[in-house]
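Coordinates in review
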Amino acid sequence: MISAGTTEKGDVLVKIENSEKREIIVNSKLERLYGKAIRATVEEMTEGIDAKITVEDFGALDWVLRARLEAAIRKYGGEKE
Amino acid sequence: MPINAVGREVPSEINGQKFKPFAGDMKTPPEGRRAGSLIRMAPRGRSKIVNSIEEVIKKVGLEDGMTVSFHHHLRNGDYVVNMVMKTIEKMGFKDIRVFPTALFPIHEPLVPMLKNGVIRRIEGSMNGPVGEATSYGAMRETAVLRSHSGRVRAVESGEVHIDVAFIAAPTADPYGNLNGVDGPSACGPLAYAMVDAYHADHVVAITDHIVPYPAHPISIYQHNVDYVVPVEKIGDPQGIMSGTLRITTSPSRLRIARYALEVIERVALKPGFSFQAGAGGISLAVTKFLGDVMRKKGIKASFINGGVTKYVVDMLHEGLVDVVLDGQAFDLDAVKSLKEDPNHIETPLAMYGNPYSSGTITSMLDAGVLGATEVDIDFNVNVNTHSDGLLLHGIGGHQEVAAGSALTIITVPLYRYRVPVIRERVTTVTTPGEVVDVVVTERGIAINPKRDDIIEAMRGSKVPIWDIQDLQKKAYQICGKPEEPKTTDEIIAAILWRDGTIIDVVYKVKK
């Protein structure tokens, strides 16, 4: 399993681990306000990755989420090679 | 349901009681005469001490359905509300209306009492868990929130009649003279409780510090107090006092404070000016920076109205301000100064900002700096609910400072984490845009277009000036547009303007 990000307020922790099937779990303090937006970004950024992707959000802006996802995806890709 | 002057649909009846829709500040004239309390006969003995809360509840003749009141000078360190309500529950009473000035997270034990029928409703500020439980529908009847002065008005007008006032008293003598400046649970003024003492049918002081007669100074006088109950502890000093309040260290918050300072300098700062201070991080920074400017320019203020902190007390003792008017102390420096300095004056909440009185302190203010959870493009301010609809804060003195002060500044970040603070429409209107003059963010300020004088005064300033719509768009660009709160059509709370009209309502939130 790899991870990117932190659990600080305003940040997000992204974890990717090997799994038989693609699975996305999102937990956010701002579920009521940005749940849909966060899931849309996660789906878009991780398209085609068949792994378990866990996103623990602490109020990150969308570009922070995208940066953390990108970092996690690159690390995960590197680990696989 | 009628639509009020800020465009919100509001009911004309809450809990079977008639209320008018908000029509604008000072637009609804008062009616009638002030309400009174039961006339009591002085006791024959020289002591009013009763040994337990249970015994005093029997003596005052509490009944199901009655109204009990509390004050919040002990804030999140208060033991008295829980102590009294647990006794009321144990004694089997039902359907009590609780009328505190404010509740805090420490009062979470009231949540089960909302559900088991001991409490039918709370009329007062609910900071934290009690407000959250109410948002999800825990309260049988509808909560009513009032500002500090709105609560005074409600009691004086008879809108709320208090059967028994329970007053946490850091110092009491056996005959019922009370103050807040001495004792292990010292809190400073007892200003919130004064109206309760004058207008309740029965007044009970609960204390952990009995002194010989007469207690002095006296904040609440013996002729209004029926019983004195000694208990081991009325509060936890850690929760009563904030410790040393710190000025914000966040660069963006400091920038907000500097921008606000420049607005004050250009619009309000002159010899003998006055301002309202607060205890928030930005507010403290504005107070401190303002003191620095006054020292440099040799300008002295006539008074500061507080929310009193060490920063305000230091200005008083340095001679930068003549008088401090104090309704609430936030730290021990403020308590000590209130006790020792005759120019530091405790003021009853009745003179703070009640529009149905013969004069308010807040209308004597030249500048007031306030916070918000949300501000919208009509300059309406929300301090009660979060953007997800949860009711988590009280009104405090926000309405009367905004309405009274010649210059009202709202200091807010453009967004908090991912949540835009400047919005198209606030979730709840606490304070209408008509009494808000300048919104200050880290990206710059927006001036209410009806204040030509402020727009003129800010000409040539380096502070970026925006239309409020531009600030809102910037916030949405950065954060993305948030989803609407998921609420039902069930009203869980009414937000009253300081004159008792309904400015907005809060709806039950879906789990």
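Residues numbered from 1 in each chain as written. Chains lettered and ligands numbered in written order. Predicted model: local features only at pLDDT ≥ 70, side-chain atom pairs only at ≥ 80, totals over all residues. Heavy atoms only, no water.

**Re the pairing of strand 29 (residues 502-509) of chain B**
Counted only if it meets this: In this scheme, a residue with accessible area under 20% of its type's maximum is buried, one over 50% is exposed, and one in between is partly exposed, where area comes from a 1.4 Å probe on protein chains only. Labels follow the DSSP assignment, with helices taken as runs of H or I lasting at least four residues and strands as runs of E lasting at least two, numbered in each case from the N terminus. Think of it this way: DSSP has to see at least two bridges between two strands before they count as a pair.
Burial analysis of strand 29 of chain B places 6 of its 8 residues in the buried class, which makes it a mostly covered element. Turn length for the strand 28 (residues 487-496) of chain B-strand 29 of chain B hairpin, with the two strands adjacent in sequence and antiparallel, is 5 residues, and the turn residue Gly500(B) shows positive phi of about 90 degrees.

**A word on the pattern of salt bridges**
All names here are of chain B. Counted only if it meets this: What counts as a salt bridge is simple: a side-chain nitrogen of Lys or Arg found within 4 Å of a carboxyl oxygen of Asp or Glu.
Following the criterion strictly, the structure yields 40 salt bridges over all chains and no others. Where Arg34 meets Glu156, a salt bridge forms, and the shortest distance between an N and an O atom there is 3.3 Å. Here Arg34, found in the loop between strand 2 (17-18) and helix 1 (53-60), pairs with Glu156, found in helix 5 (residues 148-157); they are 122 residues apart in sequence, far enough to count as distant. Residue Asp182 is joined to Lys339 by a salt bridge in which the shortest nitrogen-to-oxygen separation is 2.7 Å. Here Asp182 is found in the loop between strand 11 (178-179) and helix 6 (194-199), whereas its partner Lys339 is found in helix 11 (residues 332-340), with 157 residues between them in sequence. Look at Lys339 and you get partly exposed, because its relative accessible area is 43%. Residues joined by salt bridges that share partners form a network here, namely Arg97, Arg120, Arg121, Glu123, Glu141, Arg146, Arg153 and Glu159.

**Focus: the nonpolar core**
Residues and elements named next belong to chain B. Stated precisely, the cut-off is as follows: In this text, buried Ala, Val, Leu, Ile, Met, Phe, Trp, Tyr and Cys residues form a nonpolar core when linked through side-chain atoms within 4.5 Å. Note that the domain bounds were set by an automatic or database domain assignment. Here, two residues are considered to be in contact whenever any of their heavy atoms come within 4.5 Å of each other.
By size, the foremost hydrophobic cluster in this structure holds 181 residues, and its most contacted members are Val68, Met85, Ile88, Phe166, Ile206 and Ile264. No fewer than three residues from each of domain 1 (46-123 + 160-240) and domain 2 (251-485) sit in this core. Filtering out sequence-adjacent residues up to four positions away, Ile206 remains in contact with Ile53, Val80, Met83, Val84, Phe166, Ile167, Ala168, Ala169, Val229, Val231 and Ile234.

**A short note on the sheet that holds strand 2 (residues 12-18) of chain A**
Residues and elements named next belong to chain A. Quick note on the threshold: Working convention: axes come from line fits to C-alpha atoms, limited for helices to the stretch in contact. Angles between N-to-C directions cover 0 to 180 degrees.
Strand order across the open sheet formed by 4 strands is 1-2-4-3, with mixed pairing between neighbours. Looking at which strands have only one partner, the edges of the open sheet turn out to be strand 1 (2-5) and strand 3 (23-28). The average angle at which neighbouring strand axes cross in this sheet is 10 degrees, direction not considered. In terms of strand pairing, strand 3 meets strand 4 (residues 51-57) through 6 bridges, oriented parallel. The residue of strand 4 that forms the bridge with Val26 is Val55. Taken strand by strand, helix 1 (residues 31-45) contacts strand 3 and strand 4, and its axis lies near 150 degrees from that of strand 3.

**Section: the pairing of strand 2 of chain A**
Residues and elements named next belong to chain A. Inspection of the sheet shows strand 1 paired to strand 2 by 4 bridges, in the antiparallel sense. Its bridge partner lying in strand 2, Ser3 is registered against Lys15. Hairpin remark: strand 1 followed by strand 2, antiparallel, with 6 residues in the connecting loop; positive phi at Gly10, about 85 degrees. For strand 2 and strand 4, the ladder comprises 7 bridges, and the chain directions are antiparallel. The partner of Val14 across the bridge, within strand 4, is Val55.

**Observations regarding the domain arrangement of chain B**
All names here are of chain B. Convention followed: Gly is placed with the polar residues, together with every amino acid not listed as nonpolar (Ala, Val, Leu, Ile, Met, Phe, Trp, Tyr, Cys and Pro) or charged (Asp, Glu, Lys and Arg).
According to the domain assignment, chain B contains domain 1 (46-123 + 160-240) and domain 2 (251-485). Taking only C-alpha atoms, the centre of domain 1 and the centre of domain 2 are 31 Å apart. Listed per partner, the contact involves 15 residues of domain 1 and 12 residues of domain 2. Residues belonging to the side of domain 1 that touches domain 2 are distributed by class as follows: 8 nonpolar, 5 polar and 2 charged.

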